Protein chains: 2
Amino acid sequence: MSNNLEFITKLRASGLRPTKQRISICEVLFSPAETFHFSINELVKIIERKTNHKISLATIYNTIHAFKKKGYLKEIAINSDQSYFDTNTTDHHHFYDEQKKELIDIHNSEIGPIKINKTIPGKKIKSVEVLVKVETDY
Amino acid sequence: MSNNLEFITKLRASGLRPTKQRISICEVLFSPAETFHFSINELVKIIERKTNHKISLATIYNTIHAFKKKGYLKEIAINSDQSYFDTNTTDHHHFYDEQKKELIDIHNSEIGPIKINKTIPGKKIKSVEVLVKVETDY
DNA sequence: ACATAATTTATAACCATTCTAAACTAGAAG
DNA sequence: CTTCTAGTTTAGAATGGTTATAAATTATGT
Ligand SMILES: [Mn+2]
Ligand SMILES: [Mn+2]
Ligand SMILES: [Zn+2]
Ligand SMILES: [Zn+2]
């Protein structure tokens, strides 16, 4: 409960006041050794488990969106009824298990180069993301 | 207004009764020379424009889901607040313009082979989809 | 024509997300 | 330290896409 200095500094540097809610969310998101994927619902549960004071749902949404805008989180393109977020903000790709609703990273080093032999006049590429749908086999 | 025979046959072959609602939706979806992408909202507007009798929203959802289950439509994985569907059911990929919310096909012949050098024990690959986000440049 | 299961429909329910506007707070200034 | 103010949090309402419900309608086999 306090190498918060790092997070306070990060928040301040981003023009975000280091409130106790934001610091708690930073701890949950950015303390773990490994990056991870989450839905807002899952995040709410994690926060409830790891934090004593309650954070309102609106604040969680606000904070996640603020962090996304600052580039501290990525939103992942999955056909789903809810958004998924990723604390891994590097360019990378995903396996997605539709039954388990589980996301697994594929790092750029684990995938061959992707050649797109089609251009659209007046449009430029912002990102290229590969989604590999998998199923658990019996 | 009647090479419906084709659609009636198709529906019957799928175990779906050829109601006038389903036939109308078939006409809208499968008559065009080119495949296309649509959201349910867009489809509702197209149906209103091209059809005289009204089709309830519930029926449109029901039918689209039935057609998807039969493999006549694909649902496209886009991070968005609504589902997109595709009358192109072949394996292929997409450009996505987030501002215009516009999808453009990338056929398999227009993209190099995708090599995934990572396996997950107990899981097998069902599909590999590439989403290329683009922006209109000024 | 009749019977029956499938289908359609209006409407309510659901649920993730966003909005609102009032209460609270961090940080700056005096 | 006190005051001021913009930024933040919050509960609750609103939104919007989608799904569920259950009654009316229809397709189809007999
Ligand atoms: Mn879906
Ligand atoms: Mn979104
Ligand atoms: Zn990831
Ligand atoms: Zn397509």
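Here, the structure is the one placed above.
These remarks concern the structure in this document.

Reading the values: the criteria
Residues numbered from 1 in each chain as written. Chains lettered and ligands numbered in written order. Predicted model: local features only at pLDDT ≥ 70, side-chain atom pairs only at ≥ 80, totals over all residues. Heavy atoms only, no water. 1 Å grid on protein atoms, 1.4 Å probe; cavity = no way out; pocket = protein on both sides within 12 Å on 5 of 7 lines; lining within 4 Å. Points joined across faces, edges and corners; volume = space filled by probe spheres on them. Helix = DSSP H or I, 4+ residues; strand = E, 2+ residues; numbered from the N terminus. Nonpolar A, V, L, I, M, F, W, Y, C, P; charged D, E, K, R; others polar. Salt bridge = Lys/Arg side-chain N within 4 Å of Asp/Glu carboxyl O. Buried < 20%, exposed > 50% of the residue type's maximum accessible area, 1.4 Å probe, protein only.

**A word on the layout of surface pockets**
And step 1. Of the volumes computed, that of the largest pocket is approximately 500 Å³.
And step 2. In terms of lining residues, the largest pocket is bounded by 19 residues, among which K68 and E75 of chain A together with N79, E98 and K133 of chain B are the most central.
And step 3. Taken together, the elements giving at least two residues each to the lining of the largest pocket come down to β2 (74–76), β4 (92–97) and β6 (123–136) of chain A.
And step 4. Tallied by class, the residues present in the lining of the largest pocket amount to two nonpolar, seven polar and 10 charged.
And step 5. By volume, the second largest pocket is sized at about 360 Å³.

**Considering the pattern of salt bridges**
And step 1. Inspection of every chain in the model, using the stated rule, returns 13 salt bridges over all chains.
And step 2. Of the charged contacts in the structure, one is a salt bridge between E110 of chain B and K118 of chain A, with a shortest N-O distance of 3.9 Å. Of this pair, E110 of chain B sits in the loop between β5 (102–107) and β6 (123–136) while K118 of chain A is found in the loop between β5 (102–107) and β6, placing the two residues in two different chains.
And step 3. Judged by its relative accessible area of 18%, E110 of chain B is buried.
And step 4. On the basis of relative accessible area, K118 of chain A is assigned to the partly exposed category, the value being 22%.
And step 5. Note that E129 of chain A is salt-bridged to K133 of chain B, the shortest N-O span being 4.0 Å. Highlighted residues: E129 of chain A in strand β6 and K133 of chain B in strand β6, drawn from two different chains.
And step 6. The class for E129 of chain A is buried, based on a relative accessible area of 18%.

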